[in-house]
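# Tertiary structure, described
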Amino acid sequence: THFYNRRRKWVQSVDLIPGPPALPIIGNSWEILWTFKTDQTEAISNWTRKYGSIYRLWLGLGHAVVVLNNPEDVEILLSGSKHIEKSNVYRHLHPWLGEGLLTSKGQKWHMRRKLITPTFHFRILDQFVQVFDSNGNILVEKLLSTNGKTINIHDFITLCTLDIICETAMGTKVNAQQDSKSPYVSAVSDALLSVHMRTMQPWLGNDWLYNRTEGSKTLNAALKVLHKYSREVIESRRQERQERRKGSVSISDKDLGLKKREAFLDLLLEASDSAGAALSDSDIQEEVDTFMFGGHDTTAAAMSFIFYNLAANPEVQDRLAEEVAEVFGASDGAVTSQDLAQLKYTERVIKESLRLYPSVPLFARRINEELPITGGYVIPAGTNALIACYQMNRNPEVFPDPEKFDPDRFLPENCTGRHPYAYIPFSAGPRNCIGQKFGMLQMKSTVAKVVRHCVLSLPRPGYKPVVTGRVILRAEDGVQLKVSPRKMTPSP
Ligand code: HEM
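So, about the nonpolar core. The biggest cluster of nonpolar side chains holds 136 residues, and the ones touching the most others in it are Ile153, Phe307, Leu310 and Leu456. Looking at this core, the element that brings in the most residues is helix H9 (residues 153-170), giving 10 residues. Non-local contacts of Leu310, meaning those with residues more than four positions away in its chain, are made with Val316, Gln317, Leu320, Val349, Val447, Val451 and Leu456.

Moving on to helix H14 (residues 264-274). Most of H14 sits out of view: 8 of its 11 residues are buried. All buried positions along H14 are accounted for by Phe264, Leu265, Asp266, Leu267, Leu268, Leu269, Ala271 and Ser272. Of the surrounding elements, those touching the buried residues of H14 are helix H6 (106-116), helix H7 (122-126), H9, helix H12 (214-246), helix H15 (281-294) and helix H22 (436-453).

Turning our eyes to something else, we now look at the packing of aromatic side chains. Under the defined criterion, the tally for this structure stands at 16 aromatic pairs. When the centroid spacing of 5.1 Å and the interplanar angle of 55 degrees are considered together, the rings of Phe264 and Phe291 count as tilted. A residue pair is termed long-range when its members are at least 10 positions apart, and Phe264 in helix H14 and Phe291 in helix H15 qualify at 27 residues. Taking the relative accessible area as the measure of exposure, Phe264 reaches 2% and is therefore buried. Note on Phe291: relative accessible area 7%, which makes it buried. Seen from their ring centres, Tyr308 and Tyr357 are 6.3 Å apart, and the 90 degrees between their planes marks the pair as edge-to-face.

In the contact formed by H9 and helix H10 (residues 183-200), the axes pass within 12 Å of each other and the chain directions differ by 105 degrees. With respect to H10, the axis of H9 lies roughly perpendicular. The segment H9 lies against H10, with Leu159, Leu162, Cys166 and Met170 engaging Tyr184, Val185 and Val188. Split into classes, the residues belonging to the contact of H9 with H10 amount to 7 nonpolar, no polar and no charged.

The next point concerns the confidence of the model for the chain. Mean pLDDT over the chain: 88, with 93% of residues reaching 70 or higher. The complex prediction reports pTM at 0.92, with the ipTM value standing at 0.99.

Right, let's talk about the sheet that holds strand S3 (residues 150-152) for a bit. Here we have 3 strands laid out as an open sheet, ordered S3-S11-S8, and antiparallel in their pairing. The sheet is open, and its two borders are formed by S3 and strand S8 (454-457), each paired with just one other strand. In this sheet, neighbouring strand axes are inclined to one another by 45 degrees on average, regardless of whether the strands run parallel or antiparallel. Helix-sheet contacts for helix H16 (residues 297-312) involve S8 and strand S11 (480-485), and the interaxial angle to S8 is about 80 degrees.

Counted by the stated rule, this structure contains 26 salt bridges. The partner of Lys108 in a salt bridge is Glu286, and the shortest N-O contact between them spans 3.3 Å. One end of the pair, Lys108, is in helix H6; the other, Glu286, is in helix H15, with 178 residues separating them in the sequence. Looking at Lys108, the relative accessible area reads 26%, which means it is partly exposed. For Glu286, a relative accessible area of 15% translates into the label buried. Its salt-bridge partner being Glu286, residue Arg112 comes within 3.1 Å of it at the nearest N-O pair.

Conventions and cut-offs
Residues numbered from 1 in each chain as written. Predicted model: local features only at pLDDT ≥ 70, side-chain atom pairs only at ≥ 80, totals over all residues. Heavy atoms only, no water. Core = buried A, V, L, I, M, F, W, Y, C linked by side-chain atoms within 4.5 Å. Buried < 20%, exposed > 50% of the residue type's maximum accessible area, 1.4 Å probe, protein only. Helix = DSSP H or I, 4+ residues; strand = E, 2+ residues; numbered from the N terminus. Contact = heavy atoms within 4.5 Å. Phe/Tyr/Trp six-rings, centres within 6.5 Å; stacked < 30°, edge-to-face > 60°. Axes fitted to C-alpha atoms, helices over the stretch in contact; angles between N-to-C directions. Parallel < 35°, antiparallel > 145°, perpendicular 65-115°, else oblique. Nonpolar A, V, L, I, M, F, W, Y, C, P; charged D, E, K, R; others polar. pLDDT = per-residue confidence, 0-100. Pairing = 2+ DSSP bridges. Salt bridge = Lys/Arg side-chain N within 4 Å of Asp/Glu carboxyl O.

Listed below in structure tokens is the structure:
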């Protein structure tokens, strides 16, 4: 009776928050599954239009989630250090990422975040600019070799961002752009798809059921390849460091370029040695796998949509091309982070594209202690709070005419007065995206490189990719575009 009364009180406190009528046991999940097929984005957009800035959903089997769309509430949740635990859905990532930065909690997360933050210092990011640049050159070459045929540009960009993250996170080259059929590249794509599909089918949250599916077998096979690769890289790097300390290693000239640059992995090994917080190889593996996961699919999705927006808005593409020509002139010399810092319009284009197509459309926190928010509402302990970034970014009160692609929304003068939590594609507060600066720098470099050499156009007038909310925002059939060479303006 005691349990029943407590449960009843809890259900009542959740139901003080408005929301769609829910069926017994399956709650509102049927609406996602039947009415909206597998697209949570559409479902949440509909509910947001109907219920506004806060509403609750029953996800089935008594699980409740509170969706927050009001920047003030989002700030209350994210700015403090109390509610930093991720929601249960993130456990689908555990088989791949273990308890790395993205999925860990409590003391472990605090300790790791402190240890890893300095590895993203801008001086360290500077040394990656050359990696962005050289991989951008290969991307341009690959894009131009399509000779104006309609392509799914997302496939090309994913291989490029995978090459970049391997080189910067592990200091190794998988040459994905040159060898897209390699077992490593296929394993990344299989693992991503399996995780995406599991999150779309709530009943597969049950491990017993999931372990009997084909998806689980594909995931396990892919993880074997991925984990073996990162484990071997870590082992050999640790050994190399030890030998170097003993002064017995000689590096060939060919390797020198790659070795001189410290990858995140080297910095983690360094930090682990010097901070006295020795991390085991499997601790380091969790973090390296986390960078691999968080650091390439997000930027690939973002850039696919940026290129779509540029193709759909030729005047924006021309203006961006002008800026790139101004900064780089006819020079084909090495790009520096100072050059990239001058690309202000490019930066606004990226921000505006992330507004309409945020790579992480939803993120969620576990509420362990009741949280009072605005309007007299209280989010009860034992629920999850969901930040619906995709929907917040299309709120017409914050972004008038929200479907319009207008990079000037991010001119400094147009940002004044906008609530700082109204636009947070990289999340905000102590548990925000640690790779934000890295991601922005990489996107600026690649977008500028592509627009400098290519003209992007739509496959047919009025084409618009159909988005589907998975863990990372995707276009249903990829992002279809045509690429042709851009005539360089002759230097004066
Ligand atoms: C367009 C690019 C990117 C976007 C939009 C993005 C977005 C986000 C968001 C929204 C979160 C918070 C997720 C949550 O609360 O569950 C996050 C966390 C994280 N991101 Fe990114 N990200 C991007 C690029 C990157 C890159 C390039 C890296 C690594 C090199 C990275 C590594 C991480 C990590 C490790 C976390 C977890 C941080 C923590 O919990 O302490 N991200 N990202």
